[in-house]
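Chain by chain, the residues run as shown.
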Amino acid sequence: MVDGVVRSNRIAGQEVHRAWGGVVPELASRAHQEHIVPVVDDALRQAGVRKEQLDAIAFTQGPGLVGALLVGTCFARSMAQALGKPLIAVDHLKAHVLAHFIQDIVPRAVPAFPFINLTVSGGHTQLILVRGALRMEIIGTTLDDAAGEAFDKGAKVLGLPYPGGPEVDRVATGGDPERFVLPVPAVQGLDMSFSGIKTAFAHIVRKGVAAEADFVAREQAHLCASLQQHIVDVLLRKVQKAGRAHGIPRIGISGGVSANNALRTQAAALAQREGWELFVPPLAYCTDNAAMIAMAGHFMHLAGQHAPLDTMPVARW
Ligand code: KG4
Ligand code: ZN
């Protein structure tokens, strides 16, 4: 990456988790071990760069599963040491925010500072006041489950494969989002909650199946549309509140759930109503990707934020 322009963005999918209906930590670290050398080789080849030409080595220090983080940390440390390059320890969540600045060959508009970012992933749901590339403040967070988790668990109840978010998104097309009523969480301020929605949804499905065996098959689109709409409502209500409370007319949405079509469309409508600018990265930079870690690494490198070679992973940031 030079000045935020991506040269390659290789990702090794972990199909193994589909078979288990979720991420199995031990299998995740083993898959990391198997993939890391070929993926790095491939990324360099695709970029047309020799490893000696790199400016620095950025890696994810956390948060995440400790086994998987350990594989990446050890690899990055060894590579930095062997090549005599600076090592940069990136916070995965900051990288999701900085995904807005990733550039491809055709330039994209980037948010000016300050902006408010909704980071929505499988493990986190946060509203961040972004004052500068490396100056971020959490102004709201989920009190229980992440939005992505609510999608994934809802999908599991319906027997859809993991990860469930994209499945719910797909199946919800044409469904009636008001067919099933789910609770509106009563959380003050800019914090959020999704566990009530998840539980109520599971209850509706169980009750429906008990009354009629092919309930899920018949109602699937409506169930997915209702679940999705309730999650999107919670998220956008808080985004609206945050933008108004801080008087900031620039909103960013990133993280895996920002790939969601209903969220993208309704966020655009909200931004238009409020007269705000909206920034959502292209799909490839919404879900976990290497380019966002490089992007964060780029900003940290410019600021001289390098890490010692004995840096350890941090599972919970
Ligand atoms: O950011 P991410 O790739 O990984 C984490 O850091 O967690 O986010 C993954 C989450 C999963 O919960 C997945 O179901 C959700 O993002 N997701 C979606 C969509 N695509 C991915 N949720 C709803 N609609 C989608 N289209
Ligand atoms: Zn992520």
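Predicted model only: the values in this text are computed from it and were never measured.

Bringing the packing of helix H5 (residues 147-157) against helix H8 (residues 215-246) into the picture now. Across the interface, H5 lies against H8 with an axial gap of 10 Å and an inter-helix angle of 170 degrees. Classed by the angle they form, the pair H5 and H8 counts as roughly antiparallel. Note on element contacts: H8 touches H5 through Leu227, Gln228, Ile231 and Leu235, opposite Ala147, Ala150, Phe151 and Gly154. Across the contact of H5 with H8, the residue classes tally to six nonpolar, two polar and no charged.

Think of interface size as the accessible area that goes away when the parts come together; that is how it is often given. With domains assigned, the protein chain is organised as domain 1 (15-98 + 288-302) and domain 2 (110-281). Its C-alpha centre places domain 1 at a distance of 27 Å from the equivalent point of domain 2. With 13 residues of domain 1 at the interface, the matching set in domain 2 holds 19 residues. Summed over the shared surface of domain 1 and domain 2, the result is zero salt bridges. At the boundary of domain 1 and domain 2, one finds one residue pair in polar contact (both at pLDDT 80 or more). Counting only elements with at least two residues in the side of domain 1 that touches domain 2, the list comes to helix H1 (16-20), helix H4 (92-98) and helix H10 (290-302). Considering each element in turn, the side of domain 1 that touches domain 2 owes the most residues, five residues, to H4. Of the residues assigned to the side of domain 1 that touches domain 2, the class counts are seven nonpolar, four polar and two charged.

Bringing the coordination of the zinc ion (ligand 2) into the picture now. Of the protein atoms, only His92 (NE2), His96 (NE2) and Asp288 (OD) coordinate the zinc ion (ligand 2), at distances of 2.0 to 2.1 Å. Between consecutive donors of the zinc ion (ligand 2), the numbers of intervening residues give the motif H-x3-H-x191-D. Placement of His96 in helix H4 and of Asp288 in the loop between strand E7 (277-279) and H10 is noted, with a sequence separation of 192 residues between them. For Asp288, a relative accessible area of 46% puts it in the partly exposed group.

Moving on: the sheet that holds E7. Read across the open sheet, the five strands follow the order E5-E4-E3-E6-E7; overall the sheet is mixed. Strands at the two margins of the open sheet, each flanked by one partner only, are strand E5 (135-141) and E7. Averaged over neighbouring strand pairs, the angle between their axes works out to 25 degrees when direction is ignored. In terms of strand pairing, strand E3 (residues 115-120) meets strand E4 (residues 125-132) through six bridges, oriented antiparallel. Each residue of the ladder has a partner; that of Asn117, found in E4, is Ile128. With respect to the sheet, H8 is in contact with E3, E4, E5 and strand E6 (250-254), its orientation differing from that of E3 by roughly 160 degrees.

This paragraph deals with the site of ligand 1. Around ligand 1, a shell composed of 19 residues is seen, among which Gly122, Asp152, Asp169, Gly256 and Asp288 lie nearest. Interatomic distance of 3.5 Å between a backbone N/O atom of Val257 and an oxygen atom of ligand 1. In the complex, 87% of the free accessible area of ligand 1, which totals 560 Å², lies under the protein chains. Elements supplying a minimum of two residues to the shell around ligand 1: H4, H5 and helix H6 (164-171). Looking at the shell around ligand 1, its residues break down into five nonpolar, eleven polar and three charged.

If you check which residues of H5 are buried, you get Ala147, Gly148, Ala150, Phe151, Asp152, Gly154 and Ala155. Buried residues belonging to H5 abut E3, E4, H6, helix H7 (195-211) and H8. Downstream of H5 by one or two residues, Gly159 has phi in the positive range, about 80 degrees.

A separate point is the packing of aromatic side chains. By the definition in use, this model includes five aromatic pairs. With a centroid separation of 6.0 Å and 25 degrees between ring planes, the pair formed by Phe113 and Phe115 is classed as stacked. Ring pairing ties together the aromatic residues Phe101, Phe113, Phe115 and Phe299, which thus form one cluster.

The rules behind these values
Residues numbered from 1 in each chain as written. Chains lettered and ligands numbered in written order. Predicted model: local features only at pLDDT ≥ 70, side-chain atom pairs only at ≥ 80, totals over all residues. Heavy atoms only, no water. Axes fitted to C-alpha atoms, helices over the stretch in contact; angles between N-to-C directions. Helix = DSSP H or I, 4+ residues; strand = E, 2+ residues; numbered from the N terminus. Parallel < 35°, antiparallel > 145°, perpendicular 65-115°, else oblique. Contact = heavy atoms within 4.5 Å. Nonpolar A, V, L, I, M, F, W, Y, C, P; charged D, E, K, R; others polar. Domains from an automatic or database assignment. Salt bridge = Lys/Arg side-chain N within 4 Å of Asp/Glu carboxyl O. Polar contact = N/O pair within 3.5 Å; in protein donor to acceptor, adjacent residues only side chain to side chain. Donors = N, O, S within 2.8 Å, 3.2 Å for Na, K, Ca; no water. Buried < 20%, exposed > 50% of the residue type's maximum accessible area, 1.4 Å probe, protein only. Pairing = 2+ DSSP bridges. Near = heavy atom within 4 Å. Areas by Shrake-Rupley, 256 points an atom, 1.4 Å probe, with all protein chains shown as cover. Phe/Tyr/Trp six-rings, centres within 6.5 Å; stacked < 30°, edge-to-face > 60°.

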